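Results of the structural survey
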Amino acid sequence: MEDCAPKWKEIEQAVKKARASSSPGPNGVPYRVYKSASGVLRILWKLMKVAWEKQVVPRAWRRAGGVFIPKEKDSTSISQFRSISLLNVEGKIFFSIIAQRLSAYLLKNCFIDTSIQKAGIPGFPGCLEHINVIWQQIQSAKKERKELHVTFLDLANAYGSVPHELLWSRISFLIRSTYDVLPSPQNLNLWVGEDPSCPLCSSPATLRHILTGCKVALSQGRFTWRHDQVLRCLALALEDKRNMTNKLPPVPSKHYTQKTTFLRPGEQPPRKGVKTNPRPGQLEAARDWNMLADVGQRLIFPPEIATTNLRPDIVLWSGSARLVHLVELTVPWEDAVDEAYERKKLRYAQLATEAEQRGWRVRVYPVEVGCRGFVAHSTTRFLRDVGFSGQELRRTVKNLSEAAERSSNWLWLRRKDSGWGQVSNEEGALTPGGCYR
């Protein structure tokens, strides 16, 4: 996310978008002042740069005046009013720039699913568009004399019912871990001179050490626990895809005739080289897929493929197609993704060779999901290869990202605890499961 001081162009755009008739805050200064007097706006811009450099937001910009607006005619009780807070215009301009940068960052990194969350996101239909759609449906039902049911859901205390502390904890961890500004012992040593040692192993405790490098945490199974949370998420998605594929009609014979395409009068034939349909996944080659996942209980490699003591995280194979996928998941520090990929690729090279000698076609897929939730290209490439696409692909990638980020957040919160046991579901763990077959 851009972290420099507000730019003049951002200030101009924020003031230009604002309504001149918008209600002023406690100081009574309206937007019209800054829209009409560019010299005054430049003075405000300089003040914003000073506030940004000193990292202190003036109290007047943070102060809001509360106003109660009646929901109904002749409202008398407090429950019949809704409150709004009016910030001073200077604060609105300053915070709107931060909000614009944050929205751009969240959208660019796919932290917001715009297929679900639309209102409040710039460039996507909001409340007015939703109301217009409902109005059109009502008018269409009246005109065509059709029955229409419209349900309005109003949540009491909608804002107050949200667990803000929990949400802020996750957002704060995600942003601060991305820029490595969490209060790790190493950072605290640089900032205030505290002891930089890890509470568990006495090594210099950087954020990378806490999330992926501590030998005591590794021996206690903390990193394995996080790995299994992400692996279970991936295994569930593949299991759903496997079941759906096995239920499809039988694979057609390889012997086929040339398809004849009929065109309507005036219609142009499709150009050569233009893909009209998405690429089919490799699972489309058969309807007898089996799967084993090393989750919950020890995986035993299928003896009909090869004899080995190695345990890939996921084995996906078809006897009729003589095709097997070996999937090995790693949840590394993001800078070590390439190293993890090459290491795991080399680890299963001999096993792949042995299976190929028995007549199997083998594909080894090292996949990585960064410990802070960044999904590597190797993972999305594997998902596309087995048939994930569109919204299904985006949903799976998002679930993998959230599983890694949520688990690392829990490891961070428990970084000073010397004991490590089974984490309950209330604390954020997923229900343990076994192998899928």
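These numbers were taken from a predicted model, which means no experiment stands behind them.

Assigned secondary structure in the protein consists of 15 helices and six strands. Within the span of the protein, comprising 437 residues, buried residues form 35% of the whole. In the protein, once contacts between residues fewer than 6 apart in sequence are set aside, the share between residues at least 24 apart is 63%. Of the accessible surface of the protein, which amounts to about 27,700 Å², a share of 54% is contributed by carbon and sulfur atoms.

Attention now moves to the pairing of strand β5 (residues 323-330). For β5, the tally of buried residues reaches eight of eight residues, placing the bulk of the element in the interior. What you see with β5 is no split at all: Leu323, His325, Val327 and Leu329 on one side and Val324, Leu326, Glu328 and Thr330 on the other are buried throughout. Pairing analysis gives five bridges linking strand β4 (residues 314-318) to β5, with the strands arranged antiparallel. When the bridges of β5 are listed, Val315 appears paired with Leu326. Two successive antiparallel strands, β4 and β5, enclose a turn made up of four residues, where Arg322 displays a positive phi of approximately 55°.

Judged by nonpolar contacts, the single largest core of 50 residues is most densely connected at Val230, Leu234, Leu238, Ile314, Phe382 and Leu383. For this core, the secondary structure elements donating two or more residues are α9 (207-213), α11 (222-246), β3 (289-293), β4, β5, β6 (361-368), α14 (377-385) and α15 (390-413). When sequence neighbours within four positions are dropped, the list of residues in contact with Val230 reads Leu329, Val331, Val369, Leu400, Ala403 and Ala404.

Here the focus is the state of the cysteines. Within this structure, the stated rule accounts for zero disulfides. No disulfide involves Cys198; its sulfur sits 3.8 Å from the nearest other cysteine sulfur, which is in Cys201.

Where charged atoms from two side chains of opposite charge come close, those side chains can pair. Per the stated rule, a full pass over the model turns up 13 salt bridges. A salt bridge links Lys7 to Glu2, with the shortest nitrogen-to-oxygen separation between them at 2.6 Å. Residue classification places Lys7 among the partly exposed positions, given a relative accessible area of 41%. Relative accessible area serves as the criterion here: at 34%, Glu2 is assigned to the partly exposed category. Several salt bridges share partner residues, and in doing so they unite Glu328, Lys344 and Arg347 into one network.

Attention shifts here to the packing of aromatic side chains. What the rule picks out here adds up to six aromatic pairs. Ring centres of Phe94 and Phe95 lie 5.4 Å apart, and the angle between their planes is 75°; this geometry places the pair in the edge-to-face category. According to the relative accessible area criterion, Phe94 is buried, its value standing at 4%. Consider the rings of Tyr365 and Phe382, whose centres lie 4.8 Å apart with planes at 55°: the pair is tilted. With Tyr365 in strand β6 and Phe382 in helix α14, this pair connects stretches of sequence that are 17 residues apart. Side by side, Tyr365 and Phe382 carry an identical accessibility label, which is buried. Through a chain of ring-to-ring contacts, three or more aromatic side chains come together here, namely Trp52, Trp61, Phe94 and Phe95. Above the face of the Trp45 ring, Lys49 is positioned so that its terminal group lies 4.1 Å from the ring centre. Sitting above the plane of the Trp52 ring, Arg101 keeps its charged end 5.3 Å from the centroid.

A few words on unusual backbone geometry. Look at Arg145: it is not a glycine, yet its phi comes out positive at around 55°. Here Arg145 shows up in the loop between α6 (127-144) and α7 (164-178). Taking relative accessible area as the criterion, Arg145 reaches 78% and is therefore assigned exposed.

Quick look at the sheet that holds β3 now. Spatially, the four strands line up as an open sheet ordered β3-β4-β5-β6, and their pairing is mixed. The sheet terminates laterally at β3 and β6, the two strands that pair on one side only. Strand-to-strand, the axes of this sheet are offset by a mean angle of 15°, without reference to chain direction. Where β5 and β6 come together, eight bridges link them in parallel fashion. From the neighbouring strand, Val327 faces β6, where its bridge partner is Tyr365. Sitting on the sheet, α11 is in contact with β3, β4, β5 and β6, with an inclination near 170° to β3. The strands touched by α14 are β5 and β6; relative to β6, the strand with the most contacts, the crossing angle is about 140°.

For the rest of this paragraph, the subject is α7. Over its 15 residues, α7 extends 21 Å from the first C-alpha to the last, a length consistent with the 21 Å expected when each residue adds 1.5 Å. Residues of α7 that are buried include every one of Ser172, Phe173, Leu174 and Ser177, and no others. Buried positions along α7 lie against α9 and α15. Immediately downstream of α7, the backbone of Asp180 shows phi near 55°, a positive value.

Conventions and cut-offs
For every chain, the first residue of its written sequence is number 1, and the numbers climb from 1 along that sequence. Residues qualify for local features only when their pLDDT is at least 70, as the model is predicted, and side-chain atom pairs are given and counted only at 80 or more; totals for whole chains, interfaces and linings, by contrast, use all residues. Each side-chain value is worked out from all heavy atoms of the structure, with water and hydrogens disregarded. In this text, helices come from DSSP runs of H or I with a minimum length of four residues, and strands from runs of E with a minimum of two, each type numbered from the N-terminal end. Exposure is judged per residue with a 1.4 Å probe applied to protein chains only, and the accessible area is read against the type maximum: over 50% gives exposed, under 20% gives buried, and values in between give partly exposed. Contacts between residues were defined by any pair of non-hydrogen atoms, one from each residue, lying within 4.5 Å. Here the open area of atoms and residues is found with the Shrake-Rupley method and a 1.4 Å probe, where only the protein chains shown may cover a residue. Pairing between strands is defined by DSSP: at least two bridges between the two strands are required. In plain words, nonpolar cores are sets of buried Ala, Val, Leu, Ile, Met, Phe, Trp, Tyr and Cys residues tied together by side-chain atoms within 4.5 Å. We call a pair of cysteine sulfur atoms a disulfide when they lie within 2.5 Å. By definition, a salt bridge exists where a carboxyl oxygen of Asp or Glu is found within 4 Å of a side-chain nitrogen of Lys or Arg. Geometry of aromatic contacts follows a simple scheme: Phe, Tyr and Trp rings, the Trp one being its six-membered ring, pair when their centres are within 6.5 Å, and the pair is stacked under 30 degrees between planes, edge-to-face over 60, tilted otherwise. In this analysis the charged atom, NZ for Lys or CZ for Arg, is taken to sit over a ring once it is within 6 Å of the ring centre and within 35 degrees of the ring normal. Simply put, an axis is a line fit to the C-alpha atoms, just over the touching stretch for a helix, and the angle between two N-to-C directions goes from 0 to 180 degrees. To estimate how far a helix should extend, the number of its residues minus one is multiplied by 1.5 Å.

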